[in-house]
Structures are given as C-alpha cells and as structure tokens.
Amino acid sequence: MPDSPQAEHDRRACDKAEKLARRMDSAFRVPLTPIRLGWDSVLGLIPGVGDTLTLASAVYIMHLAHRAGVPKTTLTRIAINSGADWLIGLVPLFGDLLDVGYKSNIRNAALLRAHVDAKHGSVSADAPRVA
C-alpha cells in the first residue's frame, strides 16, 4: 500500500536530515583508523566562529523535525543535543577532540527517523524509497 502524501513528505525530511548529518558528523574517515569526522569537526577548528556556523545544520534538522510533527519533548532533546555539541566545541582543543565523538546531528536525525517510523510505520530495507 502506498504511503500517504504526509508520510512521503516526512520520509523525505528524514532522508534530508540523515544526509546532512552524515556530511556534518562523519563525512571523512581518518586514514588507518576507524575514526570518522565531518564538517562540524573541521569548521569547529576555527576559533569561536566555526562552532557557531555549524549550528545552522542543527537548526535545519530541527526545522525538518518540527515540520514532521515531532513532539516538543523530542524537539527539546534535539535542542539539548545541539546545544551540548556547541558548548563542547567552544572549549579550545579539548572541545574539538570531544566534538569528534559527540555526533549531535546524527543523534538528532535518528530522533527524527524514530518519530517518523513510529508515526507512519518503518519501511523495510527491500522497499523502494523516494530520495
């Protein structure tokens, strides 16, 4: 049975959030290690400005979540994840190291996906998905 227009919209929002989260949190692999980092970590190396710039991706994921009807409690968790990532990143060097491990965008995209799957049912891995 095909998804409703709202379900398709919400799933596309999840796909956008997950794609952005991968770019921001795990786009690159450090050679010879299992460590992955993204543009959030790279931009975070710019003192003061970098971590604030990366908030744009967090705000966009929160916007997608809000439009998908995520409850306020989950939106609050998304905001806390993003705020913690921002605060951690503000600490010079130590914050940059911790920022590599605290992948708030991936966490937030997962919260959005969990909500959409609970609301509309999860899509099996074999089913075609609209990108």
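Small disclaimer: the values here were computed from a predicted structure and weren't measured. (Residues numbered from 1 in each chain as written. Predicted model: local features only at pLDDT ≥ 70, side-chain atom pairs only at ≥ 80, totals over all residues. Heavy atoms only, no water.)

(A) Geometry of the pattern of salt bridges. All chains considered together, the criterion is met by 5 salt bridges. Salt-bridge contacts for Arg-12 lead to Glu-8; the nearest nitrogen and oxygen are separated by 4.0 Å. Placement of both Arg-12 and Glu-8 in helix α1 (residues 5–26) is noted, with a separation of 4 residues, approximately one turn of the helix. Owing to a relative accessible area of 32%, Glu-8 belongs among the partly exposed residues under this scheme. A salt bridge links Asp-15 to Arg-113; its shortest N-O distance comes to 2.8 Å. You can see Asp-15 sitting in helix α1 and its partner Arg-113 sitting in helix α7 (residues 104–120), a full 98 residues away along the chain. The same class applies to Asp-15 and to Arg-113, which are both buried. Salt bridges sharing partners connect three or more residues here, namely Asp-15, Glu-18 and Arg-113. (Salt bridge = Lys/Arg side-chain N within 4 Å of Asp/Glu carboxyl O. Helix = DSSP H or I, 4+ residues; strand = E, 2+ residues; numbered from the N terminus. Buried < 20%, exposed > 50% of the residue type's maximum accessible area, 1.4 Å probe, protein only.)

(B) Highlighting the environment of Ser-4. Structurally, the position occupied by Ser-4 is in the segment before α1. For the pair Ser-4 and His-120, spaced 116 residues apart in sequence, the C-alpha to C-alpha distance is 8.9 Å.

(C) Here's a closer look at a nonpolar patch on the surface. On the surface, Phe-28, Trp-39 and Val-42 cluster together to form a nonpolar patch covering roughly 250 Å² of accessible area. Considering the arrangement of structural elements, one finds Phe-28 in strand β1 (residues 28–29). A relative accessible area of 32% means that Phe-28 is categorised as partly exposed. (Patch = residues over 30% accessible without salt bridge, like charges linked within 9 Å, V, L, I, M, F, W, Y side chains within 5 Å. Areas by Shrake-Rupley, 256 points an atom, 1.4 Å probe, with all protein chains shown as cover.)

(D) The side chain of Thr-54, seen in detail. Residue placement: Thr-54 occurs in the loop between α3 (49–53) and α4 (55–67). Here Asp-51 takes part through its backbone oxygen, which lies 2.8 Å from a polar atom of the side chain of Thr-54. (Polar contact = N/O pair within 3.5 Å; in protein donor to acceptor, adjacent residues only side chain to side chain.)

(E) Quick peek at the environment of Thr-54. The class of Thr-54 is buried, set by a relative accessible area of 5%. C-alpha separation for the pair Thr-54 and Val-70, spaced 16 residues apart in sequence, amounts to 22 Å. Beyond its immediate stretch of four places on either side in the chain, Thr-54 contacts Met-24, Trp-39, Asp-40 and Leu-43. (Contact = heavy atoms within 4.5 Å.)

Interpretation note: all reported values are geometric properties and have no functional meaning in isolation.
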